[in-house]
Amino acid sequence: MNHASFDDFVASRSTRLLRTAYLLTHDRALAEDLVQTSLSKAWFAWGRIEGQPEAYVRRIMVNTYSSWWRRRWNGEEATAELPECAAGSRRPDDVRVDERTDLWRALERLPKRQRAVVVLRFYEDLSEAETAEIMQCSVGTVKSQASRALAKLRIDPSLRPACDDERDGERDEERAR
């Protein structure tokens, strides 16, 4: 492949790559940096890339994203408000919750590897084999990471419907009797 084909690749695929990067980082500026860094790494290897260059660039993106995460400190940060809901607290009925925001927040709470699997499998609609190739792991690892991620998302309190909160409140009242 020559460098002219690299320019064509960037022109045709950068939007999709930016979407994937945004889903990984949840930040527009970081996503743009991730795509730019990944494409600059791919440019140097462009002559050696055979087959599907998009899969190769996605692999670079996931690896770069993971290395950025490893360098960053991931300790707890003090906040004025506790994240746990107080017992018996409910969402007011008149407040409309943006479910997409809740899903973003739930995805942010997933470990990076699980988030990458969810993004590649369900947002990018890649097969388990394609995801495994990009993440440089086995198909079984993709399956187990996806299973764990979906299990965490199922129990995430921000994704529970309001009717579940009401049922929990009713159960608490029944137990108190």
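Counting of residues starts from 1 at the beginning of each chain's written sequence and follows it residue by residue. Restriction of local features to residues with pLDDT of at least 70 applies here, the model being predicted, together with a cutoff of 80 or more for giving and counting side-chain atom pairs; totals for whole chains, interfaces and linings are based on all residues. No hydrogens and no water enter the side-chain calculation; it runs on all heavy atoms of the structure.

Draft legend 1. Structural detail: the confidence of the model for the protein chain. Residue-level confidence of the predictor is what pLDDT reports, using numbers from 0 through 100. On average, the protein chain scores 79 in pLDDT, and the residues at 70 or more come to 72%. Only heavy atoms matter for contacts: two residues are in contact if any of them lie within 4.5 Å across the pair. Note on residues 86-97: pLDDT is under 50 here. Beyond four places in sequence and across chains, it has eleven contacts.

Draft legend 2. Structural detail: the pattern of salt bridges. Salt bridge, as used here, is a side-chain nitrogen of Lys or Arg placed within 4 Å of a carboxyl oxygen of Asp or Glu. According to the stated counting rule, one finds eight salt bridges in the structure shown. As a salt-bridge pair, arginine 16 and glutamate 54 come within 4.0 Å of each other at their nearest N and O atoms. With arginine 16 in helix H1 (residues 3-25) and glutamate 54 in helix H3 (residues 53-71), this pair connects stretches of sequence that are 38 residues apart. Between glutamate 32 and arginine 28 there is a salt bridge whose closest N-O contact spans 3.0 Å. Separated by four residues within a single helix, glutamate 32 and arginine 28 lie in helix H2 (residues 28-45), roughly one turn from each other. Each residue gets one of three labels from its accessible area relative to the maximum for its type: buried under 20%, exposed over 50%, partly exposed in between, using a 1.4 Å probe on protein chains only. Note on glutamate 32: relative accessible area 38%, which makes it partly exposed. Per the convention used, a helix needs a DSSP run of H or I reaching at least four residues, while a strand needs a run of E reaching at least two, with both numbered from the N terminus.

Draft legend 3. Region of interest: the nonpolar core. Residues enter a nonpolar core if they are buried and are Ala, Val, Leu, Ile, Met, Phe, Trp, Tyr or Cys, with the set joined through side-chain atoms within 4.5 Å. If you look at the biggest cluster of nonpolar residues, it comprises 30 residues, and the most contacted ones within it are Leu17, Val35, Leu39 and Met135. Only H1, H2, H3, helix H5 (112-123), helix H6 (128-135) and helix H7 (139-155) provide two or more residues apiece to this core. Among the elements that take part in this core, H1 stands out by supplying seven residues, more than any other. Membership of the second largest hydrophobic core comes to six residues, among which are Ala106, Leu107, Ala149 and Leu153.

Draft legend 4. Quick peek at the packing of H5 against H6. Where H5 meets H6, the closest approach of the two axes is 10 Å, and the angle between their N-to-C directions is 135 degrees. Considering their axes alone, H5 and H6 lie oblique with respect to each other. The element H5 and its partner H6 pack so that their crossing is right-handed. Facing Arg113, Ala116, Val117, Leu120 and Arg121 of H5, the residues of H6 in contact are Glu128, Thr131, Ile134 and Met135. Residue type decides the class: Asp, Glu, Lys and Arg count as charged, Ala, Val, Leu, Ile, Met, Phe, Trp, Tyr, Cys and Pro as nonpolar, and the leftover types, Gly among them, as polar. Residues that form the contact of H5 with H6 fall into these classes: five nonpolar, one polar and three charged. Lines are fitted to the C-alpha atoms to define the axes, a helix being fitted only along its stretch in contact, and any angle between axes, read from their N-to-C directions, falls within 0 to 180 degrees. Here the word oblique covers every angle except those under 35 degrees (roughly parallel), over 145 (roughly antiparallel) and from 65 to 115 (roughly perpendicular). In this scheme the crossing of two helices becomes right-handed for a clockwise turn of the near helix relative to the far one and left-handed for an anticlockwise turn of less than a right angle.

Draft legend 5. Highlighting H5. Multiplying one less than the number of residues by 1.5 Å gives the expected span of a helix. Taking 1.5 Å per residue, twelve residues should reach 16 Å; H5 reaches 15 Å between its end C-alpha atoms and fits that length. Among the residues making up H5, those that are buried are Lys112, Gln114, Arg115, Ala116, Val117, Val118, Val119, Leu120 and Arg121. Note on H5: the residue one or two positions beyond its end, aspartate 125, has a positive phi of about 60 degrees.

Draft legend 6. Structural detail: a nonpolar patch on the surface. The residues that make up patches have over 30% relative accessible area and no salt bridge, and they are joined within 9 Å when like-charged or within 5 Å when they are Val, Leu, Ile, Met, Phe, Trp or Tyr. Shrake-Rupley sampling with a 1.4 Å probe provides the accessible areas, and residues are treated as covered by the protein chains on show and by no other component. On the surface, Leu103, Phe122 and Tyr123 cluster together to form a nonpolar patch covering roughly 250 Å² of accessible area. For tyrosine 123, the location among the structural elements is in helix H5.

Draft legend 7. Expanded view of the packing of H5 against H7. Running from amino to carboxyl end, H5 crosses H7 at an angle of 100 degrees, the nearest separation of the two axes being 9 Å. One finds that H5 runs roughly perpendicular with respect to H7. The residues of H7 that touch H5, namely those facing Arg113, Gln114, Val117, Val118, Arg121 and Phe122, are Thr141, Val142, Gln145, Ala146, Arg148, Ala149, Leu150 and Lys152.

Draft legend 8. Focus on the packing of aromatic side chains. Here the aromatic set is Phe, Tyr and Trp, taking the six-membered ring for Trp, and pairing holds for ring centres within 6.5 Å; pairs whose planes are under 30 degrees apart are stacked, those over 60 apart are edge-to-face, and all others are tilted. One pass over the structure, following the stated rule, counts four aromatic pairs. Taken together, a centroid distance of 5.5 Å and an interplanar angle of 75 degrees make the contact between tyrosine 22 and tryptophan 104 edge-to-face. In this pair, tyrosine 22 is assigned in helix H1 and tryptophan 104 in helix H4 (residues 99-109), connecting sequence segments 82 residues apart. The class for tyrosine 22 is partly exposed, based on a relative accessible area of 33%. For tryptophan 104, a relative accessible area of 26% corresponds to the partly exposed category. Ring geometry for tryptophan 43 and phenylalanine 44: centres 5.2 Å apart, planes at 85 degrees, overall edge-to-face.

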